[in-house]
There are 2 protein chains.
Amino acid sequence: MKDMNQTNQQILSYARNFLQCRGYNGFSYKDISQKLGIKNAAIHHYYPQKEDLVAALLEASRNKLAADIAQIVESGGSAREQLQYYFDYALKEFDEGKSICPPGSVILDFEELPEKVKKQNLLLLDDILTWISRVLKTGVEQGEFNFSDPVDARAELVVEALMGARQLSSIKGRKTLVRSISLIKSDLGWKD
Amino acid sequence: MKDMNQTNQQILSYARNFLQCRGYNGFSYKDISQKLGIKNAAIHHYYPQKEDLVAALLEASRNKLAADIAQIVESGGSAREQLQYYFDYALKEFDEGKSICPPGSVILDFEELPEKVKKQNLLLLDDILTWISRVLKTGVEQGEFNFSDPVDARAELVVEALMGARQLSSIKGRKTLVRSISLIKSDLGWKD
DNA sequence: TTACTTACTTACATATAAGTAAGTAATGGT
DNA sequence: ACCATTACTTACTTATATGTAAGTAAGTAA
């Protein structure tokens, strides 16, 4: 939050990109500093340790998610609109080259991750699951969706399927992602 | 293939475990050699480079998959039985601590991976997708499954969903995996 | 018994990541 | 004019991964 000058923002932006492409152990401060045309050690000025950087990045994701949801809800967004936002977000990130969602990108390294990062990741994951559960619940109540499974289990599968779809699509291309999203929707009894 | 003495087998076994927990960049020759009580350089005796090791490991997966499928088919396994084998395999691996499937475990590092490893991973992925497509196709024809989407798209989603489910389950526990598998089945119109 | 192979070890080379300490140049306030 | 702060750079340390070269001990085949 605090001092958000341009360099800091660019650091976060590139770090996010790298994280969502290569995971926690897949990028270094040097990768970022080279992009910005500054030195390795400059990143340490903003984020003394890598865990600080990634934790900050995940926390920012979480705040953005909360703000975006609040805005949709406030403007009277239906369950379908909210879920569509989730899918569109994945597509947008795919088009920006961020093939993997943040939670997915650190799952592999999860056990070996610094506590700080683990914690932020769990919080983000939980926010997403809670939100999707709530969306599915109201969607079923409003007749926007139609399925008979427990809402929480179904929400988990939606998140998992999208996570997997993003990963496979990073190899097989955008069409795969689009197609899978449309199947996920149809499994919710969402007929256009 | 060739010389499969005990050390070699153990190397492959530990490497597979590490790969499926931590991904390509998440483990080193030292991790493996320590487990075996031998020296780092001994692994290089069997696999001069890391890419040789991982490529060999993926190829072995592919061969095992082909053999297992052949055996099920030969013994007259139905589409449901074949698909159940796929799910049971995921559960078995989960119980062995291999939380992530091999293809999923290298997707994050994919672009930066040595050609050899990329190639083997694509082949494995393709074998799985082809197999599941074929199983779904015959399953629909035999009335074992019931869905209306194109078989290939549905097969992709099954694979993606299971991949994602394994990953989330590595954090949230076995119950999540079991629950998601049962939803994936119900989305195929598989009612017990 | 000699020659060769297998399965390693010791010791080293190279690269890179993560992090620190100290210094500098520019800016703004007092 | 002085001081503090910000935003870096230079130069270094430490740790670890990957890989190589050379050697050795035990077994195998002629």
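The rules behind the values
- Along each chain, the written sequence defines residue order, and numbers are assigned to residues from 1.
- For this description, chains carry letters from A and ligands carry numbers from 1, given in the order in which they are written.
- Two thresholds apply to this predicted model, a pLDDT of at least 70 for residue-level local features and 80 or more for giving and counting side-chain atom pairs, whereas whole-chain, interface and lining totals are computed over all residues.
- Note that water and hydrogens are dropped before the side-chain values are worked out from all heavy atoms of the structure.
- Put simply, DSSP marks the helices as runs of H or I at least four residues long and the strands as runs of E at least two long, and each gets a number from the N terminus on.
- The globule rule is 2.2 Å times the number of residues to the power 0.38, and the radius of gyration it is compared with is taken over C-alpha atoms.
- Only residues with pLDDT of at least 70 in both copies contribute their C-alpha atoms to the least-squares superposition of the copies.
- In what follows, a contact means two residues having at least one pair of non-hydrogen atoms within 4.5 Å.
- For this text, the term disulfide refers to a pair of cysteine sulfurs within 2.5 Å.
- The rule is short: rings of Phe, Tyr and Trp, with Trp giving its six-membered ring, pair when the centres are within 6.5 Å, and they are stacked under 30 degrees, edge-to-face over 60, tilted in between.
- Burial status follows relative accessibility: with a 1.4 Å probe on protein chains alone, a residue under 20% of its type maximum counts as buried, one over 50% as exposed, and anything between as partly exposed.
- Consider the ring centre and the ring normal. A charge sits over the ring if Lys NZ or Arg CZ is within 6 Å of that centre and within 35 degrees of that normal.
- A single heavy atom is enough: if one lies within 4 Å of a molecule or strand, its residue is considered near that molecule or strand.
- Counted as a polar contact is a pair of N or O atoms within 3.5 Å, where, for protein atoms, one must be capable of donating a hydrogen and the other of accepting one, and residues adjacent in sequence contribute only when both atoms are in side chains.
- Classes in brief: Ala, Val, Leu, Ile, Met, Phe, Trp, Tyr, Cys and Pro nonpolar; Asp, Glu, Lys and Arg charged; the others, Gly included, polar.

> I would appreciate a short explanation of the overall build of chain A in the present structure.
A count of helices and strands for chain A gives nine helices and zero strands. Ordering the α and β elements of chain A from the N terminus gives α-α-α-α-α-α-α-α-α. For chain A, whose C-alpha radius of gyration is 18 Å, the value lies close to the compact-globule estimate of 16 Å for 192 residues. Dimensions along the principal axes, computed over C-alpha positions, put chain A at roughly 55 × 35 × 30 Å.

> Looking at this structure, how should I read the relation of the copies chain B and chain A?
Relating the two copies of this chain is a rotation about some axis coupled with a shift parallel to it. Taken as rigid bodies, chain B and chain A are interconverted by a rotation of 180° and an axial shift of 0.0 Å, the fit giving an RMSD of 0.0 Å. Classification of the inter-copy transformation places it as that of a two-fold axis. Counting the interface residues of chain B, we find that 100% of their copies in chain A are interface residues as well, pointing to one common contact surface.

> Would you explain the state of the cysteines in this entry?
Between two cysteines, a covalent bond joining their sulfur atoms is known as a disulfide. Summed over all chains, the structure comprises zero disulfides over all chains. With no disulfide of its own, Cys21 of chain A has Cys101 of chain A as its nearest cysteine by sulfur position, at a separation of 12 Å.

> Would you explain the packing of aromatic side chains in this entry?
How two aromatic rings sit relative to each other is given by the distance of their centres and the angle of their planes. What the rule picks out here adds up to twelve aromatic pairs over all chains. Aromatic side chains Tyr86 of chain B and Phe87 of chain B sit 6.0 Å apart centroid to centroid with 35° between the ring planes, which places their arrangement in the tilted category. Across the pair, Phe87 of chain B and Tyr86 of chain B agree in class, each one buried. A ring pair is formed by Tyr86 of chain B and Trp131 of chain B, whose centres lie 5.7 Å apart and whose planes are at 80°; its orientation type is edge-to-face. Of the two residues, Tyr86 of chain B sits in helix H5 (residues 79-95) while Trp131 of chain B sits in helix H7 (residues 115-141), which places them 45 residues apart along the sequence. Like Trp131 of chain B, Tyr86 of chain B is buried. Clustering of aromatic rings is evident, with ring pairs tying together Tyr85, Tyr86, Phe87, Tyr89 and Trp131 of chain A. Here Lys50 of chain B stacks its cationic end above the ring of Phe27 of chain B, 4.6 Å away from the centre of that ring.

> Explain the protein's contact with DNA strand C to me, please; I cannot follow it from the model alone.
The local shell around DNA strand C holds 16 residues, among which Lys50 of chain A together with Asn5, Thr7, Lys39 and Tyr46 of chain B are the closest. Of all DNA strand C atoms lying within 4 Å of any protein atom, the proportion belonging to sugar or phosphate reaches 69%. Interatomic distance of 2.7 Å between a side-chain N/O atom of Asn5 of chain B and a phosphate oxygen of DNA strand C. Lys39 of chain B places a main-chain nitrogen or oxygen 2.8 Å from a phosphate oxygen of DNA strand C. At the level of secondary structure, the elements contributing two or more residues to the surface near DNA strand C comprise helix H2 (29-36) and helix H3 (40-46) of chain A together with helix H3 (40-46) of chain B. Of all the elements, H3 of chain B adds the most residues to the surface near DNA strand C, at four residues. Of the residues assigned to the surface near DNA strand C, the class counts are six nonpolar, six polar and four charged.

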